[in-house]
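For reference, the chains in residue letters:
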Amino acid sequence: GNYAAAYDLFAEGNQKAASPVFLRSMAFCKLKLFKHKEARKLFGQYLAKYPKTTDRETISATVKELEIVVETRMRITSTPPGAEVFLDTETGGKLGTTPFEGTVEPGSHTLILKFAGYRTTVATFKIAAKTNVDVSVPLEVTLRVNSEPAGATLHLKSPETPALGKTPYEGGVVPGRHKIWLKRDGFLTYAAEVDARPGQEDQQQPAVNAPLQVGLRIASVPAGAAVELDGKRLEGQTPLEVAAAPGQHQVTVTREGFRPYSATVTAGPGADSALEARLQGGLLSMRTGPPGARVTVGGIDVGTTPLQQATVPMGKHDV
């Protein structure tokens, strides 16, 4: 895989005793190093100097392909610049550092970027024959997150975004400050802000070590309802989360215009501690011409027409 050193050895051998094997090997080393113009020139010398070689047809086809490759160019940049560039495999050797420009065979490629203090970053790109492609890659640093107990899902940017994985977690993020959330059944959502920095790859301590607290998640349809837990009124309105001792709890959800909703919920590890109270009120059916009108009743958005027995607050309201 050390094609640069191999080229030097083949070139030295060719100087001492010119040989088609040496010259052809020099050309293939340049090919592996993505030095396509130099490879094409060496293959041309090979065909001119050794017209009776048995692989002439194959090498001629390679030269024809290189006529296209030398007009197919890539430009690789990274944030920050200075990353080592490898293409398709690391065994082929480093092509250079970002920003890097060079020729490439048409098709799909895997770009590998390495920079001290950052995670090895992998990206893929496609390029058509005789075109140019710009590939810009933000380098990532390592984010390590643990929780007690383990098995919490990790969310970035918002607690509702798809989970990146489960704790214990190790993955990549761009450098900077990030808000993270950890969610696990039977526990309160854990939120924290982490400062991800380069140059910490050898540290074993996680960026976050979260002690999860047992609790309940309480929501309602419609939202904005008051909640009593074991007879005590909680601050805030649904949806909300509240710390709770392990075991069973009585929850009552109320909102004006709707019948009270009561249920027994179990808090604790592995418990189904999320409650969604579907409040019962009046039922409204409505059609409009044309359909698709947005309907609000008593300030509550109940959907678009046609409505078929949509739950609304009981009583008299503007629609």
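See the structure printed just above.
Residues numbered from 1 in each chain as written. Predicted model: local features only at pLDDT ≥ 70, side-chain atom pairs only at ≥ 80, totals over all residues. Heavy atoms only, no water.

Bringing the layout of surface pockets into the picture now. Here the largest pocket is characterised by a volume of approximately 170 Å³. Its residues placed into classes, the lining of the largest pocket shows five nonpolar, four polar and three charged. (1 Å grid on protein atoms, 1.4 Å probe; cavity = no way out; pocket = protein on both sides within 12 Å on 5 of 7 lines; lining within 4 Å. Points joined across faces, edges and corners; volume = space filled by probe spheres on them. Nonpolar A, V, L, I, M, F, W, Y, C, P; charged D, E, K, R; others polar.)

Alternating positions in strand β11 (residues 169–173) separate cleanly, Tyr169, Gly171 and Val173 being buried on one face and Glu170 and Gly172 remaining unburied on the opposite face. Two strands pair when backbone bridges link them, and strand β8 (residues 141–148) and β11 are joined in this way by five bridges, in the antiparallel orientation. Within β11, the residue paired with Leu143 across the bridge is Gly171. (Buried < 20%, exposed > 50% of the residue type's maximum accessible area, 1.4 Å probe, protein only. Helix = DSSP H or I, 4+ residues; strand = E, 2+ residues; numbered from the N terminus. Pairing = 2+ DSSP bridges.)

Right, let's talk about the packing of helix α3 (residues 36–49) against helix α4 (residues 56–69) for a bit. Packing of α3 against α4 brings their axes to within 10 Å, and their N-to-C directions diverge by 150°. Relative to α4, α3 is oriented roughly antiparallel. Of the two elements, α3 crosses α4, and the hand of that crossing is left-handed. Residues His36, Ala39, Arg40, Phe43, Tyr46 and Leu47 of α3 pack against Arg56, Ile59, Ser60, Thr62, Val63, Leu66, Glu67 and Val69 of α4. (Axes fitted to C-alpha atoms, helices over the stretch in contact; angles between N-to-C directions. Parallel < 35°, antiparallel > 145°, perpendicular 65-115°, else oblique. Left-handed = near helix turned anticlockwise from the far one by under 90°. Contact = heavy atoms within 4.5 Å.)

Structurally, the α-helix is built with 3.6 residues per turn, so residues lying three or four positions apart point the same way. Compared with the 18 Å implied by 1.5 Å per residue over 13 residues, the 18 Å span of helix α2 (residues 20–32) between its first and last C-alpha is a close match. Those residues of α2 that fall on the buried side of the exposure criterion are Leu23, Ser25, Met26, Ala27, Cys29, Lys30 and Leu31. As for α2, its buried residues are in contact with α1 (3–16), α3 and α4. (Expected span 1.5 Å × (residues − 1).)

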